[in-house]
Amino acid sequence: MAEQEASGLQVLLSTLQSSCDKDVILNILSVLTDLLSLGTGRRIQYVISKGGSEALLQALSAAARTEPPDHSTLLPLLRLLARVGQRDRKFGLKVQKAEATDIILSLTRRNLDHHLPLTHCLWVLRVCASNVTTGTMLGINGAMELLFKVITPYSKRHVRTVRAAIGALAALLKSKSNSRRAVNRGYLGGLLRLYQDWHRNDVSNNYIYIRRGLLLCLKYITNIQLGRETFLGSKGMEILFTSVQDCLSCKNLDPIITTATQILRKCYPKEHLPVATVSSSYSFPLPGNAKAEPPCEESEGDYESDGEEEAEKDLDNEDGESKEEDYDLETDVNKLRSKPVLDRPEEDLGQYEAMCPELSHNFQELELESEEEKSLKDRTESLPSAPSHFIPSATSAKHPNCRWRNQSVTEMGPDPDEQDFKVPLQSWRKKEECRWDQNDEKRVIAEATQDTDSCEEEDAARSRVLALRPLPKDAAWYKKLFYPHCEASINPSPGGRLESSDIVRNLLEKHQGDVLFHSPRFYTARAKCVKSIPGYRDLAFPDFWGHQPPPHSKPMLERKQGVQRDKVLDDVRRLIQPGDVIGRTVFDLDEPSSCSSPGAPDCLTFFSKFESGNLRKAIQVREFEYDLIMNADVNSNQHHQWFYFEVRDMKLAVPYRFNIINCEKFNSQFNYGMQPVMYSVKEAVQGRPRWIRAGHDICYYKNHYHCRATTGGGMRGKFYYTLTFSIKFPHKDDVCYLAYHYPYTYSTMMSHLDILEQNRNPKKVYWRQQTLCQTLGGNPCPLLTITAMPESKKRNDLEQFCNRPYVFLTARVHPGESNASWVMKGTLEFLVSSDPIADLLRKCFIFKIVPMLNPDGVINGNYRCSLSGHDLNRQWMTPNSQLHPTIYHAKGLLYYLCSIGRAPLVFCDYHGHSQKKNVFLYGCSIKETLWQAGCMVDTAVITEDVGYRTLPKILDKVAPAFVMNSCSFLVEKSRESTARVVVWKEMGVLRSYTMESTYCSCSHGPYKGLQLGTQELEEMGSKFCLGLLILHLKSLPCSKEVMAQAALLLDLEEEITDRAQRRCSNSSLESDDEPPCVEEIDYNTDTISDCEEDFSELDQEIQEPLSWVEGEREDEGVTTGQTCSSRALRGLYISSQPASNSTALPLGSAALGLYNGFKSSPV
Ligand SMILES: [Zn+2]
């Protein structure tokens, strides 16, 4: 039956190709026209699939041969061709095959004076040109010359024909060789003049589509460098910019403004970044002869030949559907199969035994008192400056176990019991080598004192002068705060700034542990021990003082319509109206002395030389606008995304615009409602110490800066993007900090660990802090072991203690992913808490945790790499003990656990994801990978435990920010050296994950539409723990007591679980991918939405009533002159006209099955 039905259409089409009977042809065309006038794209696709394009083209060849041309046949035929052709991806090829390009061109040429058929020919020409090859051929054969005869200056006559010609020209100019031809023939200037003429004369805005059409021609022609140069030479920038100013007040001119803005941004003369070199301001000499990245100094004079155009090749988009993602999937089953292999001699694993003290601890000797004594001794030896007995009052008061607060059991560095433990060679040797940039004399001199002490005795802390950043200039407000009755007790120092130490002392008296699990004193003590390349001497206030989450989370910022367009126009104004441009450098990390008048009036003061700080240069563009440049990762010339800097001397109620001009990613969550974070010192001291989401008019777009082509060693893109945001600061003359995301420094983590171990209950919580290794920069990388103390010294209990399965957690291998640290903070706080679930969880597992895999990167403000300039999460396959010590030893410890039969049940590496919303896991599955890749491998033969899905499913239910639908279990070739894939493959850990947390928000669940704060991130960390407990109950045999306890505790969670389940069932169909940004981010590419727009525009154009075409007789040609035979034929297929405005199918058509092929099509 179905075949019979389909044949109805095929009979029509084959009759169309073979018949010489004009009436028959007319009737078939009429039937097809009716058919398609009802339908949508899917109907047309059906006709195409049945050979519609070929049949129509063949009919056109025949019709074109008749002399004189018979317009009654040609017109409906051309209309059908235009409608079918634009949706036929292979239409260009079919036109070439039918040798129809010449026919269409000559038809056009012959009808130059007959506007109705000419318009029809132009529509078809436009459709043919949408295929680049066919378009190029048309261009070679003179199509553009022809079109320029039709496109006239402003005139009310024949506008429809002019419009069709402009549409065809725009399509032709998508071919770069056509664009070149057009520029060479002077058409670009012609287009500008035409545009100006229409703009000037179309005062009532009746012909917006013609003006926009001309702009589209200019948009395509300026895709080539020659086009842009000619555009600039023809004063195109001024012409378009001026015309846009006239349009701004009129809402319905948006399409014109948008297109003009895109051209302006694209043609803005390219510049190099205003820095001497894109290589990082910081370099670090690597051990041995290791090279970080290829040297990236530019040769001069390569500006012109730089690679943007590459070969300006026309890419035929016949097979446009990119399968890039799938190409990256690993399809080699042997590579996917887990195989335990060692990347080092087996005897080297022995050293890691010392990192598992829990396995050999002799609890018979366990006497709390002695342990306390021992650890106190350790503490005083190893952390001389840390006030070991200081407990933030709020924390300890709240903590039910505060009586334990002075009983410290931390082991700093190698345990005294483990004297034979050899700290890996490189970590100590490093110290002698860690002289920073040898060439920077000033720096070396400045550091001389510090370096001399820092080698053996860890004495840096004593000699390092570390000061809190000066507080705001205006002293009046602290007087009020601290000395309401004694105005004169604080006097500003001669420099106008207050004596820092007094202020700090005063501040600390006031700071009564407002911030849980944070202590300014601990922070300072830890920060003094940090080794950084710049040799930090300043403490950023937020890290010192602490952060308290605001009481409510903030909704995502609603994107203001046209915000990007406005910003781009403002950027272009620098070029066209440079009157108010200042252009002075006000901050420069490379040459601090070169900054003109730092602290000058009417100018912000910037600073970034503190832990995790990142700002390289600030240029005051206009009075309240600054261009900012971020520093590349150490020993690298790229990876900028993270920023964290201080700004002061602001005015009140003025919006300051900041542009970070050297971003690299092609898109950003800043285009989808994310705001940066801000911390105000005045707010903090007044009792609101918090990072908050701030800024408005935020967008992210490609800018005119680029990188020299030869610099490209390892560069992914040669272009930069701008993140722009405006901020009104809350106070005048405040000190504020701005950051990409909530900062979390290395010292924050170290002091957090100090507080945690002091606040735990040592009777219940087994806690060991050791040093996994020293980093390249000479900072200890801590390793934690957390589990429950054995119930008793009875043999059974001790055995249970030793035999608990391991969970191995790591975080912050990518320094810019501070969200990962906040999640880890939540995990750690939960794990040592007195929560009964935590208690139970500790009895179920031994946790091995490396909370910061890349301390040096975090300290020095990197975004992605370590001091070696390498992405450490691409080194897990073959980590180098010298260059990647933290990875080498984390992997070594994992190998060791495997070698004693104790591979972890779960491995999870915490990350942040800059492009996506939600929190989700990446795991590894052979079968899912092969299925996704469409592999023909017999997956039935491969057995796979689907246990890797259990934990994410649980988290989906218990963690509000977690979304199962965002998870993926595919193994990509490009990820083969990540922690997740290596631990899965080499250690055979089934549940090996990367946990990605958004920087922005969630697309599902209770946090939908809200920007995540630190509270939500920390909650994720604690819910991850709960998930582990449930996983244990589901997957492992448990004792009766554990089950009973769990049943009791987890009932409490049921409500959450139910709620979560409901939420999930509602949302399972949604996708987590961002839709295309409302405004084009990259002006050099044409988005798919362009084509979609083309469809509907051309359809509309074709279907508009022809009656108003002046000077032409209305001539539909189809319904006139029907003969009996044609009517009979028509009746055979359709017994009545389709009802207009109705979705009902014409009666009787079903009998012949003509329409049945469309049954499934939405109409
Ligand atoms: Zn990451």
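In this numbering scheme, every chain counts its residues from 1 along its sequence in written order. Confidence filtering applies because this is a predicted model: local features only for residues at pLDDT of at least 70, side-chain atom pairs given and counted only at 80 or more, and all residues used for totals across whole chains, interfaces and linings. As a rule here, side-chain values cover all heavy atoms of the structure and leave hydrogens and water aside.

Moving on, we come to the coordination of the zinc ion. A donor here means an N, O or S atom no more than 2.8 Å from the metal, or no more than 3.2 Å when the metal is Na, K or Ca. Since water is not included, a site may seem to lack partners. Looking at the metal site, the zinc ion is ligated by His814 (ND1), Glu817 (OE), Glu817 (OE) and His911 (ND1), spaced 2.1 to 2.2 Å from it. Between 85 and 135 degrees for all angles marks four donors as tetrahedral; over 155 degrees for opposite donors together with 65 to 115 for all other angles marks four donors as square planar and six as octahedral; every other arrangement is irregular. Metal-centred angles of 60 to 151° between the four donor atoms at the zinc ion mark the site as irregular. In primary sequence terms, the donor set of the zinc ion follows H-x2-E-x93-H. One end of the pair, Glu817, is in the loop between strand E17 (806-811) and helix H33 (818-831); the other, His911, is in strand E19 (residues 906-913), with 94 residues separating them in the sequence. Here Glu817 matches His911 in class, with each residue buried. Secondary structure is summarised from DSSP: a helix means a run of H or I of at least four residues, a strand means a run of E of at least two, and numbering begins at the N terminus for each. Using a 1.4 Å probe on the protein chains alone, a residue whose accessible area is under 20% of its type maximum counts as buried, one over 50% counts as exposed, and one in between counts as partly exposed.

Turning our attention to the packing of aromatic side chains. What counts as a ring pair is set by centres within 6.5 Å for rings of Phe, Tyr and Trp (its six-membered ring), and what kind of pair is set by the plane angle: stacked under 30 degrees, edge-to-face over 60, tilted for all other angles. In total, this model carries 40 aromatic pairs according to the counting rule given. Ring geometry for Phe606 and Tyr626: centres 5.2 Å apart, planes at 65°, overall edge-to-face. Highlighted residues: Phe606 in strand E5 (residues 605-607) and Tyr626 in strand E7 (residues 625-629), separated in sequence by 20 residues. The class of Phe606 is buried, set by a relative accessible area of 4%.

Next up on the list: the sheet that holds strand E1 (residues 271-272). Pairing between two strands is assigned when DSSP locates at least 2 bridges connecting them. Across the sheet, seven strands lie side by side as E1-E12-E13-E9-E7-E6-E4; this open sheet has mixed pairing. Edge strands, defined here as strands with exactly one partner in the open sheet, are E1 and strand E4 (584-588). Inspection of the sheet shows E1 paired to strand E12 (residues 696-706) by two bridges, in the parallel sense. Its bridge partner lying in E12, Glu271 is registered against Tyr705. Whether two residues are in contact is decided by their heavy atoms: any pair within 4.5 Å suffices. An axis is simply a line fitted to the C-alpha atoms; with a helix, the fit covers only the stretch in contact. Between two such axes, the angle follows the N-to-C directions and lies from 0 to 180 degrees. Each of strand E6 (617-622), E7, strand E9 (655-663), E12 and strand E13 (719-728) touches helix H29 (residues 563-576); the most contacted strand, E12, lies at about 45° to it.

Time to look at the pairing of E17. Along E17, six of the six residues are buried, which leaves the element largely enclosed by surrounding structure. With burial as the criterion, each face of E17 is covered, one bearing Tyr806, Phe808 and Thr810 and the other bearing Val807, Leu809 and Ala811. Note: E17 against strand E18 (residues 846-850), five bridges, orientation parallel. Looking at the pairing, Val807 lines up with Phe847 of E18. Taken together, the five bridges between E17 and E19 define a ladder with parallel strand orientation. Counted as the bridge partner of Val807 is Val906 from E19.

This part takes up the packing of helix H8 (residues 115-129) against helix H9 (residues 132-140). The axes of two packed helices give the description: the angle between them and the distance between them. At a minimum axis separation of 7 Å, H8 and H9 run at an interaxial angle of 125°. Of the possible angle classes, the one that applies to H8 and H9 is oblique. On H9, the residues touching Leu125, Cys128 and Ala129 of H8 are Val132, Thr134, Gly135 and Leu138. Split by residue class, the contact of H8 with H9 holds five nonpolar, two polar and no charged. Reported orientations rely on four angle classes, namely roughly parallel under 35 degrees, roughly antiparallel over 145, roughly perpendicular from 65 to 115, and oblique for the rest. Basically, the charged four are Asp, Glu, Lys and Arg, the nonpolar ten are Ala, Val, Leu, Ile, Met, Phe, Trp, Tyr, Cys and Pro, and anything else, Gly included, counts as polar.

The working definition used for a salt bridge is a side-chain nitrogen of Lys or Arg within 4 Å of a carboxyl oxygen of Asp or Glu. Evaluation of the coordinates by the stated rule reveals 42 salt bridges. Of the charged contacts in the structure, one is a salt bridge between Asp254 and Arg565, with a shortest N-O distance of 3.1 Å. With Asp254 in helix H17 (residues 254-267) and Arg565 in helix H29, this residue pair connects regions lying 311 residues apart in the sequence. No difference in accessibility class separates Asp254 from Arg565, as the two residues are buried. Through salt bridges with shared partners, a single ionic network connects Arg265, Asp570, Asp571, Arg573, Arg574, Asp580, Arg622, Glu625, Asp627 and Arg657.

Quick look at the sheet that holds E5 now. Judged by pairing direction, the sheet is antiparallel, and its five strands sit side by side in the order E5-E8-E14-E10-E11 without closing on themselves. Since the sheet does not close on itself, it has two edges, and those belong to E5 and strand E11 (691-693), each with one partner. Ignoring strand direction, the axes of neighbouring strands in this sheet form an average angle of 30°. Pairing analysis gives five bridges linking strand E8 (residues 644-648) to strand E14 (residues 735-739), with the strands arranged antiparallel. Bridge pairing in E14 places Arg648 opposite Val735.

Between H17 and H29, the least distance of the axes is 10 Å, while the angle of their chain directions is 45°. It follows from the interaxial angle that H17 and H29 lie oblique. Note on packing geometry: the crossing formed by H17 with H29 is left-handed. Together, Asp254, Ile257, Thr258, Thr261, Leu264 and Arg265 of H17 and Arg565, Val568, Leu569, Asp571 and Val572 of H29 make up the contact between the two elements. Tallied by class, the residues present in the contact of H17 with H29 amount to five nonpolar, two polar and four charged. Should the near helix be turned counterclockwise from the far one by less than a right angle, the crossing is left-handed, whereas a clockwise turn marks it as right-handed.

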